[in-house]
Amino acid sequence: MLRDQLATQLKEAMKAKNAERLSTVRLIQAAVKDRDIANRGTGKEQASDDEILQILAKMVKQRDEIGKDLRGEFPPGACGQGARRNHRHPGFHAEAAFGQRSARQRLGDHH
């Protein structure tokens, strides 16, 4: 289960004192918890592994868009202010949480 893997990754990042990885795992866990809370409001179960993968895919896409925005690949005004504010996490990489393979490769493993 991906939740168990995230918990393991969190502990490993703490032990290794890897601040970037720790921040990334916490960011992912917060997004999963947000989904759990939303699901609870509609009477659904906690987020499944498939939903967690969807969350990760969305986070990767957001990171890619923020990177493009920071590199100036979007025309002015094409990207919302939210992306500019979120530049605090330009280093968000799901691969930082799950190892060397890219998040897209990992997502492909589960579909």
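The residue count restarts for each chain, going from 1 along the sequence in the order it is written. In view of the model being predicted, local features appear only for residues whose pLDDT reaches at least 70, and side-chain atom pairs are presented and counted only at 80 or more, with totals across whole chains, interfaces and linings using the full set of residues. With hydrogens and water excluded, all non-hydrogen atoms of the structure serve as input to the side-chain values.

Draft legend 1. Quick look at the overall build of the protein. Helix numbers and strand numbers start at the N terminus; a helix is a DSSP run of H or I with at least 4 residues, a strand a run of E with at least 2. When helices and strands are counted, the protein shows six helices and zero strands. Ordered by position in the sequence, the α and β elements of the protein form the string α-α-α-α-α-α. Within the protein, the fraction of its 111 residues that count as buried is 32%. Computed with a 1.4 Å probe, the accessible areas rest on the Shrake-Rupley method; for each residue, only the protein chains presented here act as cover. Surface exposure of the protein reaches about 7,300 Å², of which carbon and sulfur atoms provide 50%. Categorising residues by exposure relies on relative accessible area from a 1.4 Å probe, with only protein chains included: less than 20% of the type maximum marks a residue as buried, more than 50% marks it as exposed, and the intermediate range marks it as partly exposed.

Draft legend 2. Quick look at helix α2 (residues 19-41). Multiplying one less than the number of residues by 1.5 Å gives the expected span of a helix. Between its first and last C-alpha atoms α2 spans 33 Å; for 23 residues at 1.5 Å apiece the expected length is 33 Å, and the two agree. Along α2, the residues classified as buried are R21, L22, T24, V25, I28, V32, D36 and N39. N or O atoms closer than or at 3.5 Å make up a polar contact, with two conditions inside protein: a donor-capable atom paired with an acceptor-capable one, and, for residues adjacent in sequence, both atoms drawn from side chains. For α2, the N-terminal cap is N18; the gap from its side-chain oxygen to the backbone nitrogen of E20 is 3.4 Å. Of the residues trailing α2, G43 is marked for its positive phi of about 80 degrees.

Draft legend 3. Geometry of the packing of helix α1 (residues 2-16) against α2. Here the axes come from fitting lines to C-alpha atoms, over the contacting stretch only for helices, and the angles between their N-to-C directions go from 0 to 180 degrees. In contact at an axis separation of 9 Å, α1 and α2 are set at 150 degrees when each is read in the N-to-C sense. The orientation of α1 relative to α2 falls into the category roughly antiparallel. Taken as a pair, α1 and α2 cross one another with a handedness that is left-handed. In this structure, α1 contributes R3, L6, A7, Q9, L10, E12, A13 and M14 to the contact, and α2 contributes R21, L22, V25, R26, I28, Q29, V32 and D36. A per-class count over the contact of α1 with α2 returns nine nonpolar, two polar and five charged. The scheme is simple: roughly parallel for angles under 35 degrees, roughly antiparallel for over 145, roughly perpendicular for 65 to 115, oblique for anything else. Less than a right angle of anticlockwise turn of the near helix away from the far helix marks a crossing as left-handed, whereas a clockwise turn marks it as right-handed. Pairs of residues are marked as contacts when any of their non-hydrogen atoms sit within 4.5 Å. When residues are sorted by character, Ala, Val, Leu, Ile, Met, Phe, Trp, Tyr, Cys and Pro go into the nonpolar class, Asp, Glu, Lys and Arg into the charged class, and all the rest, Gly among them, into the polar class.

Draft legend 4. Structural context of the nonpolar core. Judged by nonpolar contacts, the single largest core of 14 residues is most densely connected at L6, I28, V32, I52 and L56. Contributing elements (two or more residues each) for this core: α1, α2 and α3 (49-71). Examining the composition of this core, we find that five residues originate from one element, α3, more than from any other. Note on terminology: a nonpolar core comprises buried Ala, Val, Leu, Ile, Met, Phe, Trp, Tyr and Cys residues joined through side-chain atoms within 4.5 Å.

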